[in-house]
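# Tertiary structure, described
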Amino acid sequence: MPDRNNPLMDNPALELVHVGRRLAGRLVVDALDLGLRRGEVLGLLGVNGAGKSTTLRMMAGVLAPSSGSVRLDGEDLHEHPARARRHIGYLPEVPPLHAELTTLEYLRFCARLHAVPRGGVAAAVERAVERCDLGEVRSRVIGTLSKGWRQRIGIAQAIVHEPAVIILDEPASGLDPVQALKLRGLVRGLGRDHAVVVSTHVLPDVAACCDRVAILHRGVLRHLAPVPAAALGRYIVATARPLADATALAGVASAERLDARRWRVALRGGGTAEVLAAAVVASGAGLAGLAADETPLETTFLGIAGGEAAAA
Amino acid sequence: MSDLLLVARHEWRRLAMQPFAWSLAALLMALMAWQFLLGLQGFLDVAPRLGGLADAPGATDLIAIPLLRSLSNLLLLLVPLVTMRSFAGERRAGTLPLLLASGLGNGRIVLGKFTGALGYVLALVALVLLMPLALGLGSTPDYGKLAAAFAGVALFAAALTAIGVLCSAWAAQPALAAAAALAAGTLLAIVDAGARLEGIHNDSINYLALGTHLEPFFRGIVASVDIVYFLLVTGVALVLAARRLDALRTRPD
């Protein structure tokens, strides 16, 4: 089985080979090697100015690399741009919306722009509207909508043509917490059939919906690994009354006391938050809070970009 | 071809949703209608005296051609206002990546934008042309000369539109794009003014001027040298605009 963590893998949907980019004489991205298959979601992390957006723009074919190549299904994006770009859906940092059109008019144009056959446009637009939950604003003029709605329309235009590779630059920007949670589900769903790259500042988003995480720092890929498995089964539990021993709870493999009423617990394989919550309630200590523990990812991220992240 | 029309139709739809495009059209129509009526009144005043002249100018020469000549002067100002948003507006609004990330090549994007803007400008020219054509209700206009004048104004508009699209691709701000297109169009229009004052009418400097090639159309002369000139200006401007999009992908500013 090919190594999923190998930056240059077999048959990737998207592949960056030694990609570098200079802007205004400054090296913004340096010799980046990265591969991504269909069915995979890659989270791209980095502090402001780390080179995330520049990397995504090169992946989308909007910006040409100064060195190296971007390949889509093995084809060089800049040698066969017209063919390759039809397989890419891209949401830039600022959603590229035409404010004077209605949501449907705009999405129809995007579908045709990305070569969806005329007969399939209506179905493709409906699917995107449904996925992004845009039914309420389908006939509204985009210029009159709030930032959250605009962001979702931006995501819809990136997926309307069912591209092989979906590139989302800060997709959660401007979304309220409920919408952000829905976005996680959407990205997870897209990741089943597409290769998805998501750039974000929100570490829990990466833990919740990405298979792998890449951390860029000053244009250099400093970390590329599966999202720490431990992060998926670790929780912070808060109780109403002091809990004597969290390791005694059903499904808990290990536990660390943080203070009198808070424990960091790691579940056994197959354990879920639901089972943990039931065990805490059954213990009589009273469940006051339950949250995923992002410490492993956070530790990695801060270890790489700690100084600047703290300063920011 | 369908990609090109897709972008062009999208431009028309966006223009149709903007009060700016309607206001511009209304203003132009009002100005042209006023001038047309003034021309018509002037013609009616002198018409009795023209009857005694041999080979006297008719309504086409005294009303329609001055109207279209005046329209061509207004186009120098109007076209930059139409084209300024083509690319500069997209860049300012952050919407250009939608086109750049699509499968359309730079040439098709530029041609689509050009066709969209030119379609709007030609619709305005056609509407203005309806005024002299209405003279057919009470007289017999020289339709051949009118057709030649329309063709000349259309080619002139195409050249100005291509220059406007080029300026819009170069400038990051729509106002700057409009100013640059106005300057470039005006420069091309008056480049031979000094030479003409000196009595030079057939030099290479005259060949460069837009007016040199537009004027024959107003006299009913359709010469291939004039058509080639306008097509050349249009083609060169559009190629440069496509090159500019290439540069935006490699050297964004």
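Residues numbered from 1 in each chain as written. Chains lettered and ligands numbered in written order. Predicted model: local features only at pLDDT ≥ 70, side-chain atom pairs only at ≥ 80, totals over all residues. Heavy atoms only, no water.

## Some remarks on the overall build of chain B
Of the regular secondary structure elements, chain B holds twelve helices and zero strands. The secondary structure elements of chain B, listed N-terminal to C-terminal, are α-α-α-α-α-α-α-α-α-α-α-α. For 253 residues, the compact-globule estimate of 2.2 N^0.38 gives 18 Å, and the C-alpha radius of gyration of chain B, at 20 Å, lies within 12% of that figure. The principal-axis extent of the C-alpha atoms belonging to chain B is close to 70 × 40 × 30 Å. When burial is assessed residue by residue, chain B has 49% of its 253 residues classed as buried. Restricting the contact set of chain B to residue pairs at least 6 apart, pairs at least 24 apart contribute 75%. Counting only carbon and sulfur atoms, one obtains 69% of the accessible surface of chain B, whose full area is about 11400 Å². Once the 17 positive and 14 negative side-chain charges of chain B are each reduced to a mean point, those two points are 12 Å apart. (Helix = DSSP H or I, 4+ residues; strand = E, 2+ residues; numbered from the N terminus. Rg over C-alpha atoms; globule rule 2.2 N^0.38 Å. Buried < 20%, exposed > 50% of the residue type's maximum accessible area, 1.4 Å probe, protein only. Contact = heavy atoms within 4.5 Å. Areas by Shrake-Rupley, 256 points an atom, 1.4 Å probe, with all protein chains shown as cover. Lys, Arg positive; Asp, Glu negative; His and termini not counted. Charge placed at Lys NZ, Arg CZ, Asp CG, Glu CD.)

## Side note on the sheet that holds strand β13 (residues 262-267) of chain A
Residues and elements named next belong to chain A. The four strands lie next to each other as β12-β13-β11-β14, forming an open sheet whose pairing is antiparallel. Sheet topology places β12 (252-259) and β14 (287-292) at the edges, where each strand pairs with a single neighbour. On average, adjacent strands in this sheet sit at an angle of 25° to one another, irrespective of strand direction. In the sheet, strand β11 (residues 234-239) pairs with β14 via five bridges, with the strands oriented antiparallel. Opposite I236, over in β14, you have A291 as the bridge partner. Against the sheet, helix α9 (residues 273-283) touches β11, β12, β13 and β14, its axis set at about 155° to β14. (Pairing = 2+ DSSP bridges. Axes fitted to C-alpha atoms, helices over the stretch in contact; angles between N-to-C directions.)

## So, empty space enclosed by the protein
Residues and elements named next belong to chain A. In this structure the tally under the stated criterion is three cavities of 30 Å³ or more. In this model, the largest cavity occupies a volume close to 70 Å³. For the largest cavity, the full set of lining residues is P171, A172, A180, L183, R184, V187, V198, T200, D205 and C209. Put simply, the parts of the chain that give the lining of the largest cavity at least two residues each are α6 (177-193) and α7 (203-209). Counting residues per element, the lining of the largest cavity draws most heavily on α6, which supplies four residues. In the lining of the largest cavity, the residues fall into seven nonpolar, one polar and two charged. (1 Å grid on protein atoms, 1.4 Å probe; cavity = no way out; pocket = protein on both sides within 12 Å on 5 of 7 lines; lining within 4 Å. Points joined across faces, edges and corners; volume = space filled by probe spheres on them. Nonpolar A, V, L, I, M, F, W, Y, C, P; charged D, E, K, R; others polar.)

## Brief notes about the environment of H78 of chain A
Looking at where H78 of chain A falls in the secondary structure, it is placed in the loop between β5 (75-76) and α2 (81-85). Ignoring anything within four residues of it in the chain, the contact list for H78 of chain A reads M58, G61, L63, A64 and P65 of chain A.

## Remarks on the packing of helix α1 (residues 2-16) of chain B against helix α6 (residues 106-133) of chain B
Residues and elements named next belong to chain B. At a minimum axis distance of 7 Å, the contact between α1 and α6 shows a crossing angle of 45°. Considered as vectors, α1 and α6 are oriented oblique to each other. Once α1 is placed against α6, the crossing between them reads as right-handed. Contacts from D3, L4, V7, A8, E11, W12, R14 and L15 of α1 reach α6 at R108, I109, L111, G112, K113, T115, G116, G119 and Y120. In the contact of α1 with α6, the residues fall into eight nonpolar, four polar and five charged. (Parallel < 35°, antiparallel > 145°, perpendicular 65-115°, else oblique. Left-handed = near helix turned anticlockwise from the far one by under 90°.)

## Details of the nonpolar core
Among the nonpolar cores identified, the biggest contains 158 residues, and L14, Y106 and L134 of chain A together with L71, L75, Y120 and F230 of chain B are the most heavily contacted of them. Ranked by residues supplied to this core, first place goes to helix α7 (residues 143-170) of chain B with 15 residues. Aside from chain neighbours lying at most four places away, what touches L14 of chain A is L34, G35, L36, M59, V70, R71, L72, V165 and V197 of chain A. Within the second largest apolar cluster, 13 residues are counted, among which are L249, L267, V280 and A285 of chain A. (Core = buried A, V, L, I, M, F, W, Y, C linked by side-chain atoms within 4.5 Å.)

## Re the domain arrangement of chain A
Domain annotation of chain A identifies domain 1 (14-229) and domain 2 (234-292). The straight-line distance from the C-alpha centre of domain 1 of chain A to that of domain 2 of chain A is 37 Å. (Domains from an automatic or database assignment.)

## What about the packing of aromatic side chains?
Residue and element names in this part refer to chain B. Tallied over the entire structure, the rule returns four aromatic pairs over all chains. With 6.4 Å between their ring centres and 90° between their planes, F156 and F230 make a pair best called edge-to-face. Of the two residues, F156 is situated in helix α7 and F230 in helix α12 (residues 224-250); the sequence distance between them amounts to 74 residues. Judged by its relative accessible area of 3%, F156 is buried. One aromatic cluster in this structure is built from F156, Y207, F217, Y229 and F230. Geometry around F20 places R85 over its ring, the cationic atom sitting 4.7 Å from the centre. The ring of F87 has K113 lying over it, and the distance from NZ or CZ to the ring centre is 5.8 Å. (Phe/Tyr/Trp six-rings, centres within 6.5 Å; stacked < 30°, edge-to-face > 60°. Lys NZ or Arg CZ within 6 Å of the ring centre and 35° of its normal.)

## A closer look at the sheet that holds strand β7 (residues 165-169) of chain A
Residues and elements named next belong to chain A. The six strands are arranged β6-β7-β8-β3-β9-β10 in an open sheet whose pairing can be described as mixed. Strands with a single pairing partner mark the edges of an open sheet, and in this sheet they are β6 (88-91) and β10 (220-226). Mean inter-strand twist for the sheet, computed between neighbouring axes without regard to direction, equals 15°. Here β7 runs beside strand β8 (residues 195-199); their pairing, made up of five bridges, is parallel.

## A look at the side chain of K52 of chain A
Residues and elements named next belong to chain A. Residue position: K52 is located in helix α1 (residues 52-60). One buried charged side chain, K52, makes no salt bridge at all; its nearest oppositely charged neighbour is E170, positioned 4.5 Å away. Only 2.8 Å separates the side chain of K52 from the backbone oxygen of G46, close enough to count as a polar contact. If sequence neighbours within four positions are ignored, K52 has contacts with L44, L45, G46, V47, E170, S199, T200, H201 and L216. (Salt bridge = Lys/Arg side-chain N within 4 Å of Asp/Glu carboxyl O. Polar contact = N/O pair within 3.5 Å; in protein donor to acceptor, adjacent residues only side chain to side chain.)

## Here we look at the layout of surface pockets
Volume-wise, the largest pocket comes out at about 600 Å³. Contributing to the lining of the largest pocket are 30 residues, with E100 of chain A together with R14, G89, A93 and T95 of chain B lying nearest its centre. Take the lining of the largest pocket: its biggest share by element is four residues, from helix α4 (residues 88-93) of chain B. Residues belonging to the lining of the largest pocket are distributed by class as follows: twelve nonpolar, eight polar and ten charged.

## Let's talk about a positive patch on the surface
Residues R108 and R118 of chain A together with R9 and R13 of chain B make up a contiguous surface patch of positive charge. By secondary structure assignment, the location of R108 of chain A is in helix α3 (residues 103-113). Of the residues examined, R108 of chain A reaches a relative accessible area of 41% and is grouped as partly exposed. (Patch = residues over 30% accessible without salt bridge, like charges linked within 9 Å, V, L, I, M, F, W, Y side chains within 5 Å.)

## With respect to the pairing of strand β9 (residues 212-217) of chain A
In regular strands, side chains alternate between the two faces of the sheet. All names here are of chain A. Most of β9 is tucked away, with six of its six residues classed as buried. As judged from the four bridges shared by strand β3 (residues 40-45) and β9, these two strands associate in the parallel manner. Counterpart to L45 in the pairing with β9 is I215. Counting the residues in the hairpin turn of β9 and β10 gives two residues, including R218, whose phi is positive at 50°.

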